[in-house]
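# Report on the structure
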Amino acid sequence: MIKKINLRSRKIVIIVSAFLIVVAASAPAYYFYNQNQKSQALLKNPTQATTEEVKILVDQVGKLMELPTNESPTIATVSDKTKLAGQSFFAKAENGDKVLIYNQVKKAILYRPSINKIIEVAPVDIGSSTATGSGQAALSQTQPLRVVLLNGTTTTGLTRTVEADLKSKLTNIEVVLKENAKKNDYTKTLVIDISGIKKEVALQVAEVLGGEVAELPDGETRPDADILVIIGKDEI
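Residues numbered from 1 in each chain as written. Predicted model: local features only at pLDDT ≥ 70, side-chain atom pairs only at ≥ 80, totals over all residues. Heavy atoms only, no water.

## Describing the overall build of the chain
Looking only at helices and strands, one finds four helices and nine strands in the chain. Counting helices and strands in the order they occur from the N terminus, the chain gives α-α-β-β-β-β-β-α-β-β-α-β-β. Across the chain, the fraction of contacts at a sequence separation of at least 24, relative to all contacts at a separation of at least 6, is 60%. Taken as a whole, the chain presents about 14300 Å² of accessible surface, with 54% of it coming from carbon and sulfur. (Helix = DSSP H or I, 4+ residues; strand = E, 2+ residues; numbered from the N terminus. Contact = heavy atoms within 4.5 Å. Areas by Shrake-Rupley, 256 points an atom, 1.4 Å probe, with all protein chains shown as cover.)

## Observations regarding the sheet that holds strand β1 (residues 74-77)
Sheet architecture is open: four strands sit in the order β1-β2-β3-β4, paired in antiparallel fashion. Single-partner strands in this sheet number two, and they are β1 and β4 (117-123). Going from strand to strand, the sheet's axes swing by 20° on average, the running direction of each strand aside. Direction of pairing for strand β2 (residues 98-102) relative to strand β3 (residues 107-112): antiparallel, over a ladder of five bridges. By the bridge assignment, Leu 100 is partnered in β3 with Ile 109. (Pairing = 2+ DSSP bridges. Axes fitted to C-alpha atoms, helices over the stretch in contact; angles between N-to-C directions.)

## Considering the sheet that holds strand β7 (residues 190-193)
Reading across the sheet, the five strands line up as β6-β5-β9-β7-β8 and stay open at both edges, with mixed pairing between neighbours. Strands at the two margins of the open sheet, each flanked by one partner only, are β6 (173-180) and β8 (212-213). Along the sheet, helix α4 (residues 199-209) makes contact with β5 (145-151), β7, β8 and β9 (227-231), crossing β7 at roughly 165°.

## Re the environment of Tyr 102
Relative to the helices and strands, Tyr 102 is located in strand β2. Residue class for Tyr 102 comes out buried when judged on its relative accessible area of 0%. Through-space distance from the C-alpha of Tyr 102 to that of Thr 74 is 6.6 Å; in sequence the pair is 28 residues apart. Discounting residues that sit within four places of it in the chain, Tyr 102 has contacts with Val 58, Leu 67, Pro 68, Glu 71, Pro 73, Lys 107 and Ile 109. (Buried < 20%, exposed > 50% of the residue type's maximum accessible area, 1.4 Å probe, protein only.)

## Some words on the pairing of β4
For a regular strand, the rule is simple: side chains alternate between the two faces of the sheet. As paired strands, β3 and β4 are joined by six bridges and run antiparallel to one another. Considered in β4, the bridge of Leu 110 is made with Glu 120. Counting the residues that bridge the hairpin from β3 to β4 gives four residues, and of these Asn 116 lies at a positive phi of roughly 55°.

## Topic: the nonpolar core
By size, the foremost hydrophobic cluster in this structure holds 18 residues, and its most contacted members are Leu 166, Val 205 and Val 229. Among the elements that line this core, the one with the most residues is α4, at five residues. What Val 205 contacts, discounting residues up to four positions off in sequence, is Leu 145, Leu 166, Leu 170, Val 191 and Val 229. Membership of the second largest hydrophobic core comes to twelve residues, among which are Phe 89, Val 99, Ile 101 and Leu 110. (Core = buried A, V, L, I, M, F, W, Y, C linked by side-chain atoms within 4.5 Å.)

## A look at the pattern of salt bridges
If the charged atoms of two oppositely charged side chains come close together, the side chains can form a pair. One pass over the full model with this rule turns up seven salt bridges. Glu 163 is paired through a salt bridge with Lys 178; the nearest N and O atoms lie 2.7 Å apart. Residue Glu 163 is located in helix α3 (residues 158-169), and its partner Lys 178 is located in strand β6; the two are separated by 15 residues in the primary sequence. Exposure remark for Lys 178: the relative accessible area of 39% places this residue in the partly exposed category. One salt-bridge network, in which partners are shared between bridges, spans Glu 163, Lys 167 and Lys 178. (Salt bridge = Lys/Arg side-chain N within 4 Å of Asp/Glu carboxyl O.)

## Focus on the pairing of β6
Relative to β6, β5 runs parallel, the two being bridged by seven bridges. In the sheet register, Leu 145 faces β6, and the bridge partner there is Ile 173. After leaving β5, the chain enters α3 and then returns to the sheet as β6, a path that is right-handed. (Right-handed = clockwise from strand over helix to strand, strands pointing away.)

## Concerning the packing of aromatic side chains
In the structure shown here, the tally under the stated rule is one aromatic pair. Ring plane angle 90° and centroid distance 4.9 Å describe the contact between Phe 89 and Phe 90, whose orientation is recorded as edge-to-face. Both residues of the pair, Phe 89 and Phe 90, count as buried. (Phe/Tyr/Trp six-rings, centres within 6.5 Å; stacked < 30°, edge-to-face > 60°.)

## What about the confidence of the model for the chain?
Put simply, the chain has an average pLDDT of 76, and 70% of its residues get 70 or more. Within the chain, helix α1 (residues 2-44) has the poorest average pLDDT of any element, 48, and β9 the best, 96. Counting interchain partners and residues more than four positions distant, the pLDDT-below-50 stretch residues 126-142 has 47 contacts. (pLDDT = per-residue confidence, 0-100.)

So this is what it looks like as structure tokens:
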């Protein structure tokens, strides 16, 4: 009788152990599946993704310094530090650094997520072509960036494609006009800073589109906008 009880107990232990192993093995799979589902949802909703990024960054930086509580910052990412050469605010910047820009209190914060460290803090004079101290006003957008898209090729539908691409990768953009350029033989996509004070934004748009920042080509009309994008054959 004792042997039968022991045998039954061993079976129960084996069954329970097997169940726990299965649960333990499936837990990481469920975690990664859940994280993947969240990532996919954010990719389908860029606005939500931006909101989540702002929330995370504010929480991280807020543990290192006191932040304004009456506004949400605009976020920018340093993607090519070589293009920021000569600006003292970005003297120690590395690719991947984040810039938190508080428009109301006119403050910019350079933060490095990889080491959880604040690299620079500077006042920003919003609305001028230069920043007070060592900030960069061009990074701040209190109003939507007004963009005109011109198709500089013979391929139809490019302005619609480029508009979708820009809005999926950049926030606070308003395309105010889409039409054909005066010429249709542009080989390279050109980004022109019509405002004259948004060079850094123009560089960011050019990077997204794989184009280059340029002056307004001869023959093209200067539009009422911040940025003009002339789409070239490289977008086909």
